[in-house]
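Here is how the chains run, residue by residue.
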Amino acid sequence: MRSVYLKYNCGSYEELLVAACEVFVVRLEDDSSDEEDQPRGRQEKGDGNYFLQKYQQMADHVNNGKLVLWPGKDYYNMMIRDFAELDNPFADVLNRNKEVRVPWHDIASVSYGKAARDAARHFIQRWNFTKLQKKREKETVHFLMPKTYSKTSFQMLDCNPHRRVPQAVKANVQVLRSSSVWSAGIFQVDCSIQNAYQHAISAAEHFIYIENQFFITMMGSQRVFNIISLSLFNKIVQCHEKKKQFRVYVVMPLIPGFEGDIANAAESRSIRVMLYYQFKSISRGPSSLLQRLDDRIGKDEWRNYISFCGLRQHSELNDRPVTEIVYVHSKMLIVDDRITIIGSANINDRSLSGSRDSEVAIIVEDNQFVDSTMDGKPYKAGVFSSALRRRVFSEHLGLLPADDDGTLTDYDPLTYVTTKPIDDVTCDYFFNEVWMKTSRTNTATFEKVFRCIPSDSIHVSTEIATFYEKRLLDDDIELSRKELSKISGTLVQLPLLFLSEEDLLPNALSAEGVLRLADTFL
């Protein structure tokens, strides 16, 4: 492992604008035609510099309070309407006066030193291989050459802290990837992300925290082969047999991020097929994690070890309370406040097999520690992993400073005193009285005020129409606001009984049915 400096990212809005712009410019160049570029006397709409200037102007206007916070397609709700007209990014997709934006939750990191060099070399390898495959003869698309680094190059990071972002800490870091012959020209499949997940879960002694966009992982399946579910199963069984206190926290989207009205089967095939595989992975059928645990350690004993949650937020639109899910897009694992994996890989075969989607990640093993508590006993927690986990838990549980906007430089998760203890996440008090109680209270309040979908109260989609009829919001707005004041953070329970009595598989002749047979969703 490389010993490098790194920090998780809570970038400001303007920084996000710049990052988005850089990605967009790369895409414009990649999608350009094979004809020689013509010189331009002025900036045109097809020129990447045009969008760079446009984004900068928008950022300046936002800082002056002259424009909306989420311009153009940044105001987005994938379940109402998917992206369209991508060449016009500043045109609205939704009606801002009636339709609610879906907020996203994501995790990123900044790394320096040898691990950053390895990430750069992975990019260079993919770029050069893609040029060989698609742009071999195009002279304006150049091959990239890896840079040579001396020992002095890396030593400068230690001598000059101004070369690093504030609060970066030193840790052991290794770059991981899912890559193979089609994506990088390598003939040995690299599935080091899945290997790292298995290693970290197997090594866990106290807790595992997972945030992921998907959870498609089964045992004994003839179609899903990743070993995440099996690794979690073995760890929980092992701890149960040893009567050892152990917790697994899973946070994922309340509903898959596809366009469609879930009440209409024909309009929500993609959502339903993803729900089918996720419920089959979690709680429904002999391949699911929870049913396997029921069979092995006793009915509902898993509730002492593992929880599945999602995120939901509320606000006001036109002087009326509104709500929407927070779409979990992060792909992160934290183990024992000492090991962290952050990257692009979802928990499914597409991301983890190595031979399908190309992914990249880092695994961080802390080598600097602070005094903490675990299972009621003194414990040495890693500086990076513990700070990140406490920051995320504080956000989900509503324990951040009142003025936090993600950019406070004087906020330190390791020293900030929260109103509820979040250092020892293995003990019964935190698991039952903080995490589970908060998620239950928030879930019940949201359901009382809004009658939110998805819900454990809905077992078939024909119940949705009558389910909405009992909303407190329709009877008393002020009382609804009073109820919503009880909500703390965004944490809610994942409704494992949602549509439990309905066949979620699409017709085999539909587009989604064909894709399902081809394992596209897995």
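These numbers were taken from a predicted model, which means no experiment stands behind them. (Residues numbered from 1 in each chain as written. Predicted model: local features only at pLDDT ≥ 70, side-chain atom pairs only at ≥ 80, totals over all residues. Heavy atoms only, no water.)

Trainee: Could you give an account of unusual backbone geometry, naming the residues involved and the relevant values?
Mentor: With an omega of 5 degrees, the peptide bond between I453 and P454 qualifies as cis. By the element assignment, P454 lies in the loop between α12 (428–450) and α13 (464–467). We note that D375 has phi near 55 degrees; this positive angle belongs to a residue other than glycine. In this fold, D375 is placed in the loop between β14 (369–374) and β15 (377–382). D375 gets classed as partly exposed once you look at its relative accessible area, which sits at 27%. Located in the positive-phi region is R451, a residue other than glycine, with phi close to 55 degrees. Exposure remark for R451: the relative accessible area of 16% places this residue in the buried category. (Helix = DSSP H or I, 4+ residues; strand = E, 2+ residues; numbered from the N terminus. Buried < 20%, exposed > 50% of the residue type's maximum accessible area, 1.4 Å probe, protein only.)

Trainee: Give me the nonpolar core: which residues, what numbers.
Mentor: With 69 residues, the main nonpolar core has I208 and F308 as its most contacted residues. Residue contributions to this core peak at 6 residues, all from helix α7 (residues 228–241). For I208, the contacting residues outside a window of four places in its chain are I201, L232, K235, F246, R247, V248, Y249, L333, I334 and V335. If you look at the next biggest cluster of nonpolar residues, it comprises 38 residues, including M332, A381, L397 and I422. (Core = buried A, V, L, I, M, F, W, Y, C linked by side-chain atoms within 4.5 Å. Contact = heavy atoms within 4.5 Å.)

Trainee: Describe the environment of G354, naming the residues involved and giving the relevant values.
Mentor: Tracing the backbone shows G354 in the loop between α10 (349–352) and β13 (359–366). Since its relative accessible area comes to 0%, G354 is described here as buried. When the C-alpha positions of G354 and D190 are compared, they lie 5.4 Å apart, and in sequence the two are 164 residues distant. Other than its neighbours up to four places away in sequence, G354 contacts S178, S179, S180, V189, D190 and C191.

Trainee: Lay out the packing of aromatic side chains in plain terms, naming residues and giving numbers.
Mentor: On inspection of all chains with the given rule, the structure shows 17 aromatic pairs. A network of ring pairs unites the aromatic residues Y209, Y249, F393, F430, F431 and W435 as a single cluster. Residue placement shows R451 over the ring face of F467; its charged tip is 4.1 Å from the ring centre. (Phe/Tyr/Trp six-rings, centres within 6.5 Å; stacked < 30°, edge-to-face > 60°. Lys NZ or Arg CZ within 6 Å of the ring centre and 35° of its normal.)

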